[in-house]
Amino acid sequence: MVKAVFFDFWRTMFIPNISLNEYFEVRVRKLHETLSDFIPNVSLAVVRNSFWSIRRLCDSVRELKVEVPLSFEIKLMLYHLEYYSFDDNLIKSLISSYMYPFVHCTRPRDELKSVLDIIHELNLRVGLISNVMSGRHIIEALQLWGLDDYFDAMIFSDEIGFRKPRPEIFRYALSMLDVDANDAVMIGDDFRADIEGALNVNMKAIYLNVDDLKVNFEYVAKNLNDALGWIVKWLH
């Protein structure tokens, strides 16, 4: 039985519309534009170095499955640049600059809207569980494409504190939709975070195998239409 469907965001629902190298370079250039108003003569190369140094540091913490909020990562980057004035407007501006490509250089998968329409026609509840350093920018991206109203609940690691595959974030998501684990399915592209994390709390799971990897798992989909096919089979 399936009563609720949870989606991952990055690469599951939305994908970059530029290469990842271009994506991160847009981020660095946007950060540099903002920082140039506060740090005289700061070079693009210096900002790029600070961004990657702090990003790697924060990602090493994220590997422990706890989230580092973006506001904290931004402050660490300012420390790295030897700039110690944490003006609220500066932090907000840098967060917007950092997340600019996340909102404006991504797009939903071609089949996403039609899949969401069918899921709603099947009277299933819809949730989102994402490892993200700024969940409000997921909402902004969904709003930009007119997709935010499809979701009954959105669960973000920067608000919960834990990252997938930690069981706490899945259990919190289940409680938000008031659904039992064995009546819920998780769709995601990260086998460890999305699939193993969901299975460990007794949810069903569908692996969106966007990288065409060899996995020993039955419920594999090449796209969201394939994933929908598995859901329909479970309903019958």
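In case you missed it, the structure is sitting above this.
What comes next concerns the included structure. (Residues numbered from 1 in each chain as written. Predicted model: local features only at pLDDT ≥ 70, side-chain atom pairs only at ≥ 80, totals over all residues. Heavy atoms only, no water.)

Glancing now at the packing of aromatic side chains. One pass over the structure, following the stated rule, counts 16 aromatic pairs. Arranged with centres 4.9 Å apart and planes meeting at 90°, the rings of Tyr-219 and Trp-230 form a pair that is edge-to-face. You can see Tyr-219 sitting in the loop between β7 (204-208) and β8 (220-221) and its partner Trp-230 sitting in helix α10 (residues 224-235), a full 11 residues away along the chain. Here the guanidinium or amino end of Lys-30 rests over the ring plane of Tyr-100, the centre of that ring lying 4.3 Å away. Stacked on the ring of Trp-230, the Lys or Arg Lys-233 has its end atom at 4.8 Å from the ring centre. (Phe/Tyr/Trp six-rings, centres within 6.5 Å; stacked < 30°, edge-to-face > 60°. Helix = DSSP H or I, 4+ residues; strand = E, 2+ residues; numbered from the N terminus. Lys NZ or Arg CZ within 6 Å of the ring centre and 35° of its normal.)

This part is about the side chain of Asp-8. If you trace the backbone, Asp-8 turns up in the loop between β1 (4-7) and β2 (14-16). Looking at Asp-8, the relative accessible area reads 6%, which means it is buried. A distance of 2.8 Å separates the side chain of Asp-8 from the side chain of Thr-12, its partner in a polar contact. Only 2.9 Å separates the side chain of Asp-8 from the side chain of Lys-164, close enough to count as a polar contact. Those residues in contact with Asp-8 that lie beyond four places of it in its chain are Met-13, Ile-129, Ser-130, Lys-164, Met-186, Ile-187, Gly-188, Asp-189 and Asp-194. (Buried < 20%, exposed > 50% of the residue type's maximum accessible area, 1.4 Å probe, protein only. Polar contact = N/O pair within 3.5 Å; in protein donor to acceptor, adjacent residues only side chain to side chain. Contact = heavy atoms within 4.5 Å.)

Counting 62 residues, the largest nonpolar core has Phe-7 and Ile-74 as the members making the most contacts within it. Per-element accounting of this core gives the leading share, 8 residues, to helix α4 (residues 88-104). In terms of nonpolar packing, the next biggest core, distinct from the first, is built from 21 residues, Ile-155, Val-179, Ala-198 and Ala-205 among them. (Core = buried A, V, L, I, M, F, W, Y, C linked by side-chain atoms within 4.5 Å.)

In this sheet, strand β5 (residues 153-156) lies alongside strand β4 (residues 125-130) in parallel orientation, the contact comprising 4 bridges. Pairing of Ile-129 across the sheet is with Ile-155, part of β5. On the question of chirality, the crossover connecting β4 to the parallel β5 by way of helix α6 (residues 135-144) is right-handed. (Pairing = 2+ DSSP bridges. Right-handed = clockwise from strand over helix to strand, strands pointing away.)

Strand order in this open sheet of 6 strands is β5-β4-β1-β6-β7-β8, and the pairing throughout is parallel. Edge positions in the sheet fall to β5 and β8, since each of these pairs with one other strand and no more. Summarising the sheet, β1 and β4 pair through 4 bridges and their orientation is parallel. Bridge pairing in β4 links Phe-6 to Gly-127. Sitting on the sheet, helix α9 (residues 191-199) touches β6 (184-188) and β7, and the angle it makes with β7 is about 165°. Running at roughly 160° to β7, α10 makes contact with β1, β6, β7 and β8 of the sheet. (Axes fitted to C-alpha atoms, helices over the stretch in contact; angles between N-to-C directions.)

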